[in-house]
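Structure assessment
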Amino acid sequence: MQVNNSLTQTQEKKQVSFSNFLTNPATRQRIWDIVGKDSQKFMTSILSAVTNNPTLQECDQMSVLNCAFLGQALNLVPSPQLGQYYMVPFKNKKKNCTEAQFQLGYKGYIQLAIRSGYYKKITVLSIKEGELIRYDPLAEEIEVNLIEDDEVREETETVGYYAMFEYQNGFRKTLYWTKKKMLAHADRYSQAFNKEVYQKILTGNIPQEDMWKYSSFWYKDFDGMAYKTMLRQLISKWGIMSTEMQEAYSKDMAVLDDQGNPYFIENDQEQKPESIIIEAKKSTVVEQEEQQDIKESEQKENTGELPETIKRTRKTKTQKETEQETENTENQEQKSIEDEFFA
């Protein structure tokens, strides 16, 4: 408790350099309590990551440290060159500060899958123009003619992404997305990404001095984010997830508090869950059907064909709609109170 209080007091003061923050006695003690004998190695790796990314130096320092604690628990390295996980700065408007968000890289997913011992094979790659012959989603069979020259292949336009895994027992699962589908996915689920802007970047229509505005990994490394998306889709739906992988999956793209609990800055705003979208479509269909029924009933009522029981049902329905509107208003007021409480 004394350690946590000391760290809080440190954060309340004017933010010192990250190296000074790490060498603070309270911080060193907390690192030792969590990491143990590898504390010095841990401090060196996190300091290197922050030094190489100036924007991380503007983050709340405890949020950076908590990201690194999770990476250490998963036995992953924060080196951008290795691409296992990243500490990404995000503006928290509610707190009016910048915090570091834990983002698992696609190589981190592969590492965790290999360590679990369940997977005999796991791979993800881009499919270039002219390579795909056919993909059968029912039989999950793909036929390709890969370009043999690596340099030529690297320069060829990507048209899709393929991922697969095979268990030790022989069970196999594959997935193929076109690049068009991946662009739509990124545009829909990432608030920081816009596919029209991405196309302008590819064609060189964004001035170099303005590129700092587009820091999302979807802009900087689209293929890397696409690989990660394919693995997330594949493993989370059909793969066996070890305890480590479950923790990484649940805390991916989250800021972590001092107890390691995740909370989301961008995702609460950016993601539009499919269940909500489907429910909205269902509601629209139901409303259209109800409106059609009312119109037909009104026509019959005007011609005297509407039975008395139907008339009573319509009156009862109107009363229920009024009660429902009142209930919705009360729920909205309660939600506003809860939002204000948890803000």
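All chains use their own residue numbering, which begins from 1 and follows the written sequence. For a predicted model such as this one, the threshold for reporting local features is a pLDDT of at least 70, and the threshold for listing and counting side-chain atom pairs is 80 or more; totals across whole chains, interfaces and linings nevertheless cover every residue. Here the side-chain values reflect all heavy atoms present in the structure, with hydrogen atoms and water set aside.

Points about the overall build of the chain
Selection rule: Only DSSP runs of H or I reaching four residues or more are called helices, and only runs of E reaching two or more are called strands; each is numbered from the N terminus. Two residues qualify as a contact provided that any one of their heavy atoms is within 4.5 Å of a heavy atom in the partner residue. Under the convention used here, a 1.4 Å probe and the Shrake-Rupley method define accessible areas, while residue burial counts only the protein chains that appear.
Along its length, the chain carries 15 helices and nine strands. For the chain, long-range pairs separated by at least 24 residues make up 59% of all intrachain contacts whose partners lie at least 6 apart in sequence. With the model as given, the accessible surface of the chain reaches about 21,500 Å², and the carbon-plus-sulfur share is 49%.

Some words on the environment of S79
Put simply, the rule is: Each residue's exposure class comes from its accessible area (1.4 Å probe, protein chains only) as a fraction of the maximum for that residue type: buried when under 20%, exposed when over 50%, partly exposed otherwise. Here a polar contact means two N or O atoms within 3.5 Å. Within protein one must be a hydrogen donor candidate and the other an acceptor candidate, and residues neighboring in sequence count only if both atoms are side-chain atoms.
Note that S79 resides in the loop between α5 (61-73) and β1 (85-92). The class for S79 is buried, based on a relative accessible area of 18%. Here the alpha-carbon distance between S79 and S45, two residues 34 residues apart in the chain, equals 7.5 Å. Side-chain polar atoms of S79 contact the side chain of Q81, separated by 2.9 Å.

So, the nonpolar core
Inclusion rule: We define the nonpolar core as a collection of buried residues of types Ala, Val, Leu, Ile, Met, Phe, Trp, Tyr and Cys that are connected through side-chain atoms lying within 4.5 Å of one another.
Judged by nonpolar contacts, the single largest core of 66 residues is most densely connected at I46, V64, L65, M87 and F222. The leading source of residues in this core is helix α11 (residues 222-238), at eight residues. In this view, V64 contacts F18, I46, V50, L56, C59, M87 and A100; residues no more than four positions away in its chain are not counted.

Describing a negative patch on the surface
Inclusion rule: Here the term patch refers to residues with relative accessible area over 30% and no salt bridge, with like charges joined within 9 Å and nonpolar side chains (Val, Leu, Ile, Met, Phe, Trp, Tyr) within 5 Å. In the sections that follow, a salt bridge refers to a side-chain nitrogen of Lys or Arg positioned within 4 Å of a carboxyl oxygen of Asp or Glu. Two residue types count as positive, namely Lys and Arg, and two as negative, namely Asp and Glu; His and chain ends fall outside the count. The atom standing in for a charge is NZ when the residue is Lys, CZ when it is Arg, CG when it is Asp and CD when it is Glu.
A cluster of like negative charges, contributed by E148, D149, D150, E151, E154 and E155, occupies part of the molecular surface. Secondary-structure assignment places E151 in helix α7 (residues 150-155).

Notes on the confidence of the model for the chain
Inclusion rule: Think of pLDDT as the predictor's per-residue confidence, scored from 0 to 100.
Here the chain shows a mean pLDDT of 79. Residues at 70 or above account for 73%. Confidence drops under pLDDT 50 across residues 330-343; counting only partners more than four residues distant or on other chains, this segment forms zero contacts.

Overview of the packing of helix α4 (residues 39-51) against α5
Spelled out, the test is: Axis definition: a line fit to C-alpha positions, over the contact stretch in the case of helices; interaxial angles, taken between N-to-C directions, run 0 to 180 degrees. Comment on the angle field: the value is read as roughly parallel under 35 degrees, roughly antiparallel over 145, roughly perpendicular from 65 to 115, and oblique elsewhere. Crossing handedness follows the turn of the near helix against the far one: under a right angle anticlockwise gives a left-handed crossing, and clockwise gives a right-handed one.
Close contact between α4 and α5 brings their axes to 11 Å; oriented N to C, the two are set at 125°. Judged by the angle between their axes, α4 and α5 are oblique. Considering only the axes of α4 and α5, their crossing is right-handed. Side by side, α4 and α5 meet where F42, I46 and V50 of the first sit next to V64, L65, A68, F69 and Q72 of the second.

Some thoughts on the pattern of salt bridges
Per the counting criterion, the structure on display carries nine salt bridges. The salt bridge partner of R134 is E141, with a shortest N-O separation of 3.6 Å. Given the relative accessible area of 39%, R134 is considered partly exposed. Its salt-bridge partner being R134, residue E143 comes within 3.4 Å of it at the nearest N-O pair. Using a relative accessible area of 37% as the deciding quantity, one classes E143 as partly exposed.

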